[in-house]
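Coordinate analysis (summary)
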Amino acid sequence: MKRTTSAKHFLLLPLMLLAVQAQAQLYKSVGPDGKITYSDTPPQANQKLLEKKELSGSVSTANFPYELGQAVSKNPVTIYTAANCAPCNDGKNLLKSAGVPFSEKTVKTSEDIEKLKQISGDTQLPVMQIGSKKLRGYNADDWKAAVTSAAYPASNMLPPDYRYPTAESAAPAAPTTTTGEKPTQQKKPANVPAKKPASENDFRF
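Next up on the list: the nonpolar core. Membership of the largest hydrophobic core comes to 20 residues, with the highest contact counts inside it found for Val77, Ile79, Leu95, Met128, Ile130, Trp143 and Tyr152. Those residues in contact with Ile130 that sit more than four places away from it in its chain are Asn75, Pro76, Val77, Leu135, Ala146, Val147, Ala150 and Tyr152. Judged by nonpolar contacts, the second largest core, of eleven residues, contains Ala82, Ile113, Ile119 and Leu125.

Below, the structure is given as structure tokens:
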């Protein structure tokens, strides 16, 4: 008997592949000067990898229409926000109304601020990273243009039951050491100032 494969099966495979490709990773590394760096790209040759983890806030495209899944896979969206940031809320509302999935990174601590500087070179919020493009500050026209250029559908195509990922820290703390596991010994420079939470004075909105 000749076996046939429906078009549905041909469509299912690329969607499954897109779901895998959209899973983001976080790399924690240390440089020759002892500086800790968090990045979504592997460390450079002069850096030592300390930790690699899958980000639970990654956007899964498994149930997305093909056009939307393609856009998310090629140009995933990540936004950096802070508390009491009206432009940040405006940016999130714009993306949600347009049906654009995104991962949210919150900036609360001094480590988060360093991560923000690594990403955008500034402390202005919000920051939208869409594919390789970064937009500092919120401007509705610029954000809409970036979404269109990234080939996101003109109309909202998100499934009715879609839920946006829970926001995560821009520079998540390292996991605690389990019993019997020896922590990595690192040299710490003398007179390191105590870590402090970020305040509104640390950002530009």
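A few words now on the pairing of strand S4 (residues 77-81). In terms of residue burial, S4 counts as a mostly covered element, since five of its five residues are buried. Of the two faces of S4, the one holding Val77, Ile79 and Thr81 and the one holding Thr78 and Tyr80 are both buried throughout. Pairing geometry for S4 and strand S6 (residues 127-130), over four bridges, is antiparallel. Counted as the bridge partner of Ile79 is Met128 from S6. Pairing analysis gives four bridges linking S4 to strand S5 (residues 103-106), with the strands arranged parallel. The partner of Thr81 across the bridge, within S5, is Thr106. Once you follow S4 into helix H3 (residues 86-98) and on to S5, the crossover reads as right-handed.

The rules behind the values
Residues numbered from 1 in each chain as written. Predicted model: local features only at pLDDT ≥ 70, side-chain atom pairs only at ≥ 80, totals over all residues. Heavy atoms only, no water. Core = buried A, V, L, I, M, F, W, Y, C linked by side-chain atoms within 4.5 Å. Buried < 20%, exposed > 50% of the residue type's maximum accessible area, 1.4 Å probe, protein only. Contact = heavy atoms within 4.5 Å. Helix = DSSP H or I, 4+ residues; strand = E, 2+ residues; numbered from the N terminus. Pairing = 2+ DSSP bridges. Right-handed = clockwise from strand over helix to strand, strands pointing away.

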